[in-house]
Amino acid sequence: MSVCVSPDWPELLRMRRSLLYLWLVLIALCSGSDLGSVYGQCRSDQVSLLLELKNSLVFNSSLSTRLVTWNSSAGEFGGVVCEGGSVVGLDLSNESISGGIGNSSGLFRLQYLQRLNLAHNMFQSLEIPMGFSNLSSLVYLNLSNSGFQGQVPLDLSYLTRLVTLDLSSLFFPGMAQLTLRSPNLKMLVGNFKELRELYLDGVDVSAAGGEWCGALSSSLPKLEVLSMISCNLAGPIDRSLLNLSSLSMIGLSNNNLSTIVPEFLAGFSNLTALLLSSCGLQGIFPAKILQNPTLQILDLSNNRLLSGSLPEFPRNGNLQKMVLSFTNMSGTLPESIGNLRGLQSISLANCSFMGLIPSSVANLSQLTYLDFSLNYLIGPLPNFSLLRNITEMVLSHNNLTGDIHSTSWGDLRMLVNLDLRYNSLKGTIPSSLFTLPMIRKIQLASNQFSGELVGSSNALSHQLDTLDLSNNNIRGAVPAFMFQLVGLKYLSLSCNKFNGSLFINEIQMLKNLSYLDLSYNQLSISTTSPPAAPDLGFPQMTTFRVASCQLRALPGFLANQKKLMILDLSDNQIQGKIPQWIWEFSDMLYLNLSANLLEEMEWLPETFSPSLQIIDLHLNKLQGQMLPIPPSPSFMDFSDNNFSIEIPGNIGTYLSFAVYVSLSRNNFHGVIPASICNAQFLQVLDLSNNNLEGAIPECIMMESLKILNLRNNSLNESIPSNIQATCGLKTLDLNGNQLEGVVPQSLQNCSTLEVLDIGNNLIHDKFPCQLKIISSLRVLVLRSNRFYGEIGCLHTAGTWEMLQIVDLSRNKFSGIVPAQCLTKWDAMKTSSDVSHLQYSYLQLTGLYYQDTVQVTVKGLELELVKILTLFTSIDFSSNSFEGLIPDTLGELQALYVLNMSYNELSGPIPSSIGNLQQLESLDLSSNKLNGTIPEALSDLNFLALLNLSYNQLVGKIPTRKQFLTFTNSSFEGNPGLCGPPMTKICSTTNTTDPAKSNHRQSSDKSFNWQFIVVGLGFGAGAAAVLTPTMFWDRGRMCCDRHVDKILMVLLPLMGLRYRRWNPDDEEDDDLTNSCTGLNHEFGYGHQDSSGEPEREEERWGRYCVLCTKFDPSMKRVIHNPKCTCYDTPQTSPSYSWHSSSSSSL
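Residues numbered from 1 in each chain as written. Predicted model: local features only at pLDDT ≥ 70, side-chain atom pairs only at ≥ 80, totals over all residues. Heavy atoms only, no water.

## Here's the deal with the overall build of the protein
A count of helices and strands for the protein gives 9 helices and 67 strands. The burial tally for the protein puts 55% of its 1145 residues in the buried class. When the accessible surface of the protein is totalled, it reaches about 46,700 Å², and 53% of it is carbon and sulfur. (Helix = DSSP H or I, 4+ residues; strand = E, 2+ residues; numbered from the N terminus. Buried < 20%, exposed > 50% of the residue type's maximum accessible area, 1.4 Å probe, protein only. Areas by Shrake-Rupley, 256 points an atom, 1.4 Å probe, with all protein chains shown as cover.)

In structure tokens form, the structure reads like this:
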């Protein structure tokens, strides 16, 4: 019998079984039998057996369609086929039978039975009963999905006439299943010489490759269909399978074969289906198998170690379904893919394919499903206009470019789902997409689509339920047709350039709407209704996001929402109180009211919704005597408010599942409650910038904690000394407290530490050499403490090869600067890739914590609010170091900042410092350095600040390149220095030898006086401009104002923000873009708690710096005026929230 093969493997198997049963029906019809009434054709003894069987079976009569009709008086025996008076066919599938099929039933006395189907019943917890061996005439036995479990009985092996045996069942981990141990597979099938179809899916066979392959190949010479999915088989696939020359279908998915795919599988001349998904396959997939002319179905999905490429496909190929998703298949898609004219479904998702999508794909006119997502495909979309049968097209997460107008989308009238998210597609969105009669999902998020959105005049006629256009550049007003898409359930227009006004009641038209996101556009949403607007009632939504939409009041309709789970009203202008009803949503998971002007809470319930997981109220003006703490939050941010209370002593009882907690930048006082140690899953704890006092709880450095920020409080006593070996900290920031004592030895247990900042405290200790074993350390700040002694640690293991920022300033360190240690700081030798020190938590949400650190750069106290991994700095200033500056400093060629001022260093300045080509700030002032200034320093092209003042340097100051930009203040206090920019003129009579003097005299005869004239002219002009500013205060102030105005115009064009220093201006204007995650690379802070009077440095507000230092490849550092700093919606400076349909809660 010829059987048509479906492109879907399970469907194909069902079709074969259905056709076989249809064959039984046709036989019955041809022989005059009637499946609905067979009493007259069955002998009385057979009828008695059938009635006995019915009486013994336990079944649900309300669900039965055949057994319930069995009645001898009416002659009804549904599912029974009789030939010659004997029962030869019995179909009791889907009869909800749950018992009574044991030896006592009449079933096993139907000795003429040839076909038995008990599939899809409910024999839960029952083993397959003994007695089947009595049915020696059986050629077809189907017990699939009937709930049987336990050992398959040897009784079945005596059914030597079987052609089809189906014991398969759906298997899930933890479910009871059938097993083949004793008897094993070989014992079961050893007598099945006539078997053509074997289905053992979900049966625990537990056999190695040679065992199960040998058992099948030696016993089943006529086998055509082999399905052993989820059978706990091991590899390899043995070559003995070639003995089964009639095999047309091989299904081995969901087994741990852990082997290569043998090339001999291409030798099966009748092979139509090969299913090897989730098998742990390795190596290169043989291309010959894909070129097999009979192959119709191939599924290799979920084999991450399987590689290979697509071959050239022959013209006579019959492939109908090809699934290679979640493998490591790579290369380009061949143009010959268009030869697969019968292809109906192709899935290449999450592979490594690259290059263009072949234009020949347009030839696949039978295609219904296309998924090329999560690859590296580039270029424009080909013309898909001829794919008239396509229902789903998924091309997301590639790098496709160009517009999408080459396809006549209006011709794809069967299209249901279009997913082009996360590409670089541009141009306008075709209006014809909104005319497709079957379309349900249009997902175009995270591209570069622009222009205005034009809709359809018949929006009411189609079935669109999902429209995601977020993260594009679409402009104009939100079109009116959008609110006529009455079938919409999901609408996201966030992070575009939609503008204009929008009345909130317009969404009343969308009666089925469940998800709405209009955030981060240029919209102004009004919570009032226009005059005469009908009140149609709002849909019951689960998600409502309108961040940065200029809301001035909370939308009142929200109080009546019963299903709300996600509410984001952040970054608006909402004032006043948080209403009572905000806490009454029983299903609320996520609440974000941050960056508003809210001042207090109207009422706090005794108990919150137990489902509330994320609550973000940061950057408001909230105050009060209670904190709105949910029962078990995972994320809680109350930072940047006006709370002036003690942290509740029992706060830890609410934080059992908390991952992130921030109470920073408030006025919390009192002690840190020890109960916070109950938060066993806490990863980020930020209590910085408050008025907390007392000791740090000994238990606070828990195994789960990655970020602990307690900076700028009034904590005293010492750093906890009992730090466990399980410490997982990445950032420990205790800067700006009153901590005393020593650095505990147990701190070395924090072996993954990256940022350690204990500056501005009262710690009295030697250099913490024990920390050198922490190889991951990148930032070490010990500034402004009472550390003393040498820093060499020559007898301590460890190199600190990742160290990029070292600040030991304002202590009492002494001795020489150890040259050997400097040579091991590899991160300062070569520029690394551009990234930031940050910690990602709640991975699927796009949240991360951003580390900050205070450093001295170019003479200013700066707070780096984003620490680039390429930024490097050494600050040894204000100590008592002596001896020579190590020549090995010249090896740190990625160094940006070097400050060794206010020490007792002597000897010459090493010329090797001229190798530091990235150096921007060099301060060696107030030491005892002597000798001349190395000429090599003038080659430091990026050097913006140089301070060599108050040393014992002599000779002429270099007068070329970068040195021409420095003023007298860089060199003052060195009586032996001469030449510009100092007023002291160098003497030429005693400083040169006679040979050089004679050479100079001889060359005077050909001197080019043109340069002298130009130089005098420039000097005179500069003097005319600059002299009044030096001696005329009013003129200097006027000049400063004009220079400020020029800089305020020019610097933004270069990607910088400029603000003239104002000691009264301490406003933090660092913003974070909630749509793209692009942040300012650096910010400048204004905190300095050192209290030392000898050096008062200017303090600036935060602004971008070093942003002009990235080339287009982002691999090295150069001046680049095209680098842009992005003004973005305001969020917490301690983390960024990426809002998109795929990564947000």
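## Details of the sheet that holds strand β22 (residues 376-379)
On the basis of which strands lie adjacent, the open sheet formed by 8 strands has the order β14-β16-β18-β20-β22-β24-β26-β28 and parallel pairing. Pairing within the sheet leaves two strands with one partner each, and these edge strands are β14 (283-284) and β28 (448-449). The pairing of strand β26 (residues 424-427) with β28 spans 2 bridges and is classified as parallel. Bridged to G427 within β28 is F449. (Pairing = 2+ DSSP bridges.)

## Describing unusual backbone geometry
Residue P183 is bonded to the preceding S182 through a cis peptide linkage, with omega at 10°. On the secondary structure map, P183 appears in the loop between β9 (178-179) and α3 (185-189). Residue P980 is joined to P981 through a cis peptide bond whose omega torsion reads 10°. When you line up the elements, P981 lands in the loop between β66 (976-978) and α7 (994-1003). Of note, R810 is a non-glycine position whose phi angle comes to about 60°, a positive value. By the element assignment, R810 lies in the loop between β52 (805-807) and β53 (812-816). Taking relative accessible area as the criterion, R810 reaches 6% and is therefore assigned buried.

## Describing the side chain of N709
The residue N709 is located in strand β46 (residues 707-709) in this model. By relative accessible area, which is 5% here, N709 ends up buried. Here the side chain of N709 touches R711 through a polar contact of 3.2 Å, landing on its backbone nitrogen. (Polar contact = N/O pair within 3.5 Å; in protein donor to acceptor, adjacent residues only side chain to side chain.)

## Observations regarding the pairing of strand β45 (residues 691-694)
Going residue by residue along β45, you find L692 and G694 tucked away on one face and N691 and E693 left uncovered on the opposite face. When strand β43 (residues 669-670) meets β45, the two strands line up parallel, connected through 2 bridges. Within β45, the position partnered with H669 by the bridge is N691. Here β45 pairs with strand β47 (residues 714-715) via 2 bridges, running parallel. Bridge pairing in β47 places E693 opposite S714.

## Description of the state of the cysteines
Enumeration according to the criterion identifies 5 disulfides in this entry. Residue C727 pairs covalently with C750 via a disulfide, S to S 2.1 Å. Its S-S torsion of approximately 95° makes the covalent link between C727 and C750 right-handed. With C727 in the loop between β47 and β48 (731-733) and C750 in the loop between β48 and β49 (755-757), the pair connects residues that are 23 residues apart, well separated along the chain. Across the pair, C750 and C727 agree in class, each one buried. Covalently, C978 is tied to C986 through a disulfide, its sulfur atoms 1.8 Å apart. Measuring the twist about the S-S bond at about 100°, one finds the C978-C986 disulfide to be right-handed. (Disulfide = S-S within 2.5 Å.)

## Topic: the pattern of salt bridges
What the rule picks out here adds up to 24 salt bridges. Residue E263 pairs with K288 through a salt bridge whose shortest N-O separation is 3.3 Å. With a gap of 25 residues between them, E263 in the loop between β12 (249-251) and β13 (273-275) and K288 in helix α5 (residues 287-290) connect regions that are remote in the sequence. A relative accessible area of 44% places E263 in the partly exposed class. For R960, the salt bridge is made with D939, and the minimal N-O distance between the two is 3.2 Å. Here R960, found in the loop between β65 (952-956) and β66, pairs with D939, found in the loop between β63 (928-931) and β64 (945-947); they are 21 residues apart in sequence, far enough to count as distant. Shared partners join several salt bridges into a network, and the residues in it are E935, D939, R960 and K961. (Salt bridge = Lys/Arg side-chain N within 4 Å of Asp/Glu carboxyl O.)

## So, the environment of T69
Topologically, T69 is positioned in the loop between β1 (58-59) and β2 (80-83). When sequence neighbours within four positions are dropped, the list of residues in contact with T69 reads E76 and G78. In this structure the side chain of T69 is engaged in a polar contact, spanning 2.6 Å, whose partner is the backbone oxygen of R66. (Contact = heavy atoms within 4.5 Å.)

## Observations concerning the packing of aromatic side chains
Using the criterion set out here, one finds 21 aromatic pairs in the structure. Pairing W581 with F585 gives two aromatic rings, centres 6.1 Å apart and planes at 80°, and the pair type is edge-to-face. Since its relative accessible area comes to 5%, F585 is described here as buried. Taken together, the ring pairs in this structure connect F767, F787, W800, F813, F876 and F881 into an aromatic cluster. Sitting over the ring of Y590, R545 keeps its end group 5.0 Å from the ring centre. Sitting over the face of the ring of W800, K772 holds its NZ or CZ atom 5.8 Å from the ring centroid. (Phe/Tyr/Trp six-rings, centres within 6.5 Å; stacked < 30°, edge-to-face > 60°. Lys NZ or Arg CZ within 6 Å of the ring centre and 35° of its normal.)

## Some points on the environment of S450
Considering the arrangement of structural elements, one finds S450 in the loop between β28 and β29 (466-468). Taking the relative accessible area as the measure of exposure, S450 reaches 29% and is therefore partly exposed. Sequence separation between S450 and G476 is 26 residues, and the spatial gap between their C-alpha atoms is 9.8 Å.

## A closer look at the sheet that holds β47
Strands sit in the order β43-β45-β47 across an open sheet of 3 strands; the sheet is parallel. The open sheet has two edge strands, β43 and β47, and neither has a second partner.

## So, the side chain of N117
Checked against the element boundaries, N117 lands in strand β5 (residues 115-117). A distance of 3.0 Å separates the side chain of N117 from the backbone nitrogen of A119, its partner in a polar contact. Excluding anything up to four places from it in sequence, N117 contacts L90, D91, L92, S93, Y140 and N142.

## Structural notes on the environment of Y376
For Y376, the location among the structural elements is in strand β22. Along the backbone, Y376 and S352 are 24 residues apart, and their C-alpha atoms lie at a distance of 6.3 Å. Beyond its immediate stretch of four places on either side in the chain, Y376 contacts C351, S352, F353, M354, G355 and N398.

## Quick word on helix α4 (residues 209-219)
Taken together, the buried positions of α4 are G209, W212, C213, A215, L216, S217 and S219. In the core, the buried residues of α4 are packed alongside α3, β10 (197-199) and β11 (225-227).

## A few points about helix α2 (residues 44-56)
For α2, with 13 residues, the first-to-last C-alpha span of 18 Å sits near the 18 Å given by 1.5 Å per residue. When we look at burial in α2, the residues that qualify are Q46, V47, L49, L50 and L53. Looking straight down α2, one finds its buried side chains confined to an arc of 160°; they lie on one side. Every exposed residue of α2 that faces more than 90 degrees away from the buried side is listed here: S44 and N55. Tucked into the core, α2 has its buried residues touching β2 and β3 (86-91). (Expected span 1.5 Å × (residues − 1). Arc of directions from axis to C-beta.)

## A word on a nonpolar patch on the surface
The grouping of L154, Y158 and M187 at the surface amounts to a nonpolar patch, some 290 Å² of accessible area in total. The exposure class of L154 is partly exposed, given its relative accessible area of 32%. (Patch = residues over 30% accessible without salt bridge, like charges linked within 9 Å, V, L, I, M, F, W, Y side chains within 5 Å.)

## Considerations on the confidence of the model for the protein
For the protein, per-residue confidence averages 82 on the pLDDT scale, and residues scoring 70 or more make up 78% of the total. Mean pLDDT values over the elements of the protein span from 32, in strand β67 (residues 1135-1136), up to 98, in strand β21 (residues 369-371). This model gives residues 15-40 a pLDDT under 50, and the stretch forms 45 contacts once residues within four places in sequence are excluded. Of the regions scoring below 50 in pLDDT, residues 990-1027 engages in 4 contacts with residues more than four places distant in sequence or in other chains. (pLDDT = per-residue confidence, 0-100.)

## What to know about the pairing of β65
Two faces belong to every sheet, and in a regular strand the side chains alternate between them. By the bridge criterion, 2 bridges tie β63 to β65 in an arrangement that is parallel. Across the sheet, residue N930 finds its bridge partner in β65, namely Q952. Summarising the sheet, β65 and β66 pair through 3 bridges and their orientation is parallel. Residue pairing in the sheet places G955 in a bridge with L977 of β66.

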